[in-house]
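Each chain, letter by letter, is given below.
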Amino acid sequence: MINPLIAVRDVHFGSTVIVAGIVFFDLFVASPTLRAMGSLLETTAVAFRVHTALALWISLALSIVSGFAWLCLLAGRIVGKPIGDVIADGTVWIVLSRTQFGFAWQLRFVFGILLAGCLLARRTKRHVTPIWQEALAALLAGAYLGSLAFAGHGEEGLGFERNLHLAADFLHLNAAGLWLGGLIPLALFLVYLRRFHEETWRTAASDAAYRFSNLGIIAVATLLVSGTINVWFLIGGMQALVGTSYGRLLLLKITLFAAMVCLAGINREYLLPRLSGDIGTNPASRVVQWLLRNSLVEIVLGIGIILIVGMLGIMAPATDMHVHLH
């Protein structure tokens with residue numbers, strides 16, 4: 001039977017990553033590409049904006065609702081009562097107002113409301129938002145996603161180690177949003193460019209793909225550094241990595257991440273030069289189709305990673321398990 005807390009955590013992590021990914025993609029990829037193309041991609045821009053806006057609002061709503069469900073389930077777990085009882089008797093409010101987890105959730109709720117307000121207040125011209133509004137939305141989305149660090153194992157330490165672990169978690173989450181969360185809007189952008197075949201669609205596809213690939217390099221480097229710090233805090237050594245259930249799940253997560261990196265490498269070294277016309281004579285439409293297929297595989301691998309994150313969050317770290325074994 002599926003653990004409700006794991007399921008809610010998965011939905012919350014996934015939807016929050018998508019929210020940040022769409023906002024980041026808009027700032028760093030879509031808007032610069034659309035600005036460069038001017039009014040030559042009108043149909044593509046309209047379709048892309050409509051569908052990413054829909055995905056963004058659905059994901060933000062899912063994130064807020066699942067965040068509240070997470071709070072209620074945690075309160076019920078603490079006192080050993082059903083979720084209906086902890087809402088009725090005020091236990092949820094006690095957890096929200098008197099615990100560190102509750103304080104983190106209050107902070108995240110504020111970031112979520114501010115982000116929603118920022119998105120509602122945006123003004124677009126030719127389907128492009130002013131840069132300062134995009135940057136503000138990205139900062140709020142990054143804070144909303146990164147503050148999930150306060151709901152993880154990093155919050156359990158003390159002093160410098162706690163701050164280092166929290167900082168690593170914050171960067172890890174935002175790097176995941178930048179790369180994994182950006183895969184969905186990237187796929188949508190490529191789909192509409194390929195479907196409408198407007199005059200400069202190949203140039204736009206190449207520009208967007210290269211911009212996202214460059215972001216991917218930054219994200220992977222950040223994930224590697226922050227992930228290494230997290231492994232040091234949560235695992236401690238190779239014996240715990242292979243000798244505990246927590247370590248083996250983390251090893252599976254690392255394997256899925258490595259597979260994503262390999263696909264991203266294939267995209268950058270093999271497909272992107274062909275799309276830009278530097279190598280080969282493959283039609284651009286076929287190259288974009290390959291990019292889309294690889295992106296969909298990366299999304300599936302990313303979903304697997306999020307499912308694992310949901311499980312790891314309610315398990316004791318391998319360092320704790322390793323100590324108990326001895």
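In the block above lies the structure referred to throughout.
Reference entry: report on the structure contained in this document. Being a predicted model, the structure only gives us computed values, none of them experimental. (Residues numbered from 1 in each chain as written. Predicted model: local features only at pLDDT ≥ 70, side-chain atom pairs only at ≥ 80, totals over all residues. Heavy atoms only, no water.)

Let us now look at the overall build of the protein. If you tally the helices and strands in the protein, you get 13 helices and zero strands. Against the globule reference of 20 Å for 326 residues, the protein gives a C-alpha radius of gyration of 21 Å, in line with a compact fold. Dimensions of the protein, computed from the C-alpha atoms along their principal axes, are close to 60 × 45 × 40 Å. Per-residue burial for the protein yields a buried fraction of 50% across its 326 residues. (Helix = DSSP H or I, 4+ residues; strand = E, 2+ residues; numbered from the N terminus. Rg over C-alpha atoms; globule rule 2.2 N^0.38 Å. Buried < 20%, exposed > 50% of the residue type's maximum accessible area, 1.4 Å probe, protein only.)

With that out of the way, let us pick up the pattern of salt bridges. Scanning the entire structure with this criterion turns up five salt bridges. Notably, a salt bridge pairs E134 with R35, separated by 3.7 Å at the nearest N-O pair. Of the two residues, E134 sits in helix α6 (residues 131–146) while R35 sits in helix α1 (residues 4–37), which places them 99 residues apart along the sequence. Look at E134 and you get buried, because its relative accessible area is 2%. In this structure R35 comes out as partly exposed when scored by relative accessible area, which is 34%. Taken together, the shared-partner salt bridges connect D26, R49 and R122 into one network. (Salt bridge = Lys/Arg side-chain N within 4 Å of Asp/Glu carboxyl O.)

Running from amino to carboxyl end, α1 crosses helix α9 (residues 201–234) at an angle of 155 degrees, the nearest separation of the two axes being 10 Å. When the axes of α1 and α9 are compared, the pair comes out roughly antiparallel. As for the relative orientation of α1 and α9, their crossing is right-handed in sense. Within the contact between the two elements, α1 uses F25, F28, V29, P32, T33 and M37 and α9 uses T203, A204, D207, A208, R211, F212 and L215. Of the residues in the contact of α1 with α9, the class split is nine nonpolar, two polar and two charged. (Axes fitted to C-alpha atoms, helices over the stretch in contact; angles between N-to-C directions. Parallel < 35°, antiparallel > 145°, perpendicular 65-115°, else oblique. Left-handed = near helix turned anticlockwise from the far one by under 90°. Contact = heavy atoms within 4.5 Å. Nonpolar A, V, L, I, M, F, W, Y, C, P; charged D, E, K, R; others polar.)

Here helix α5 (residues 100–121) spans 32 Å end to end across 22 residues, near enough to the 32 Å set by a 1.5 Å rise per residue. On its buried face, α5 sits against α1, α2 (42–79), α4 (91–98) and α6. (Expected span 1.5 Å × (residues − 1).)

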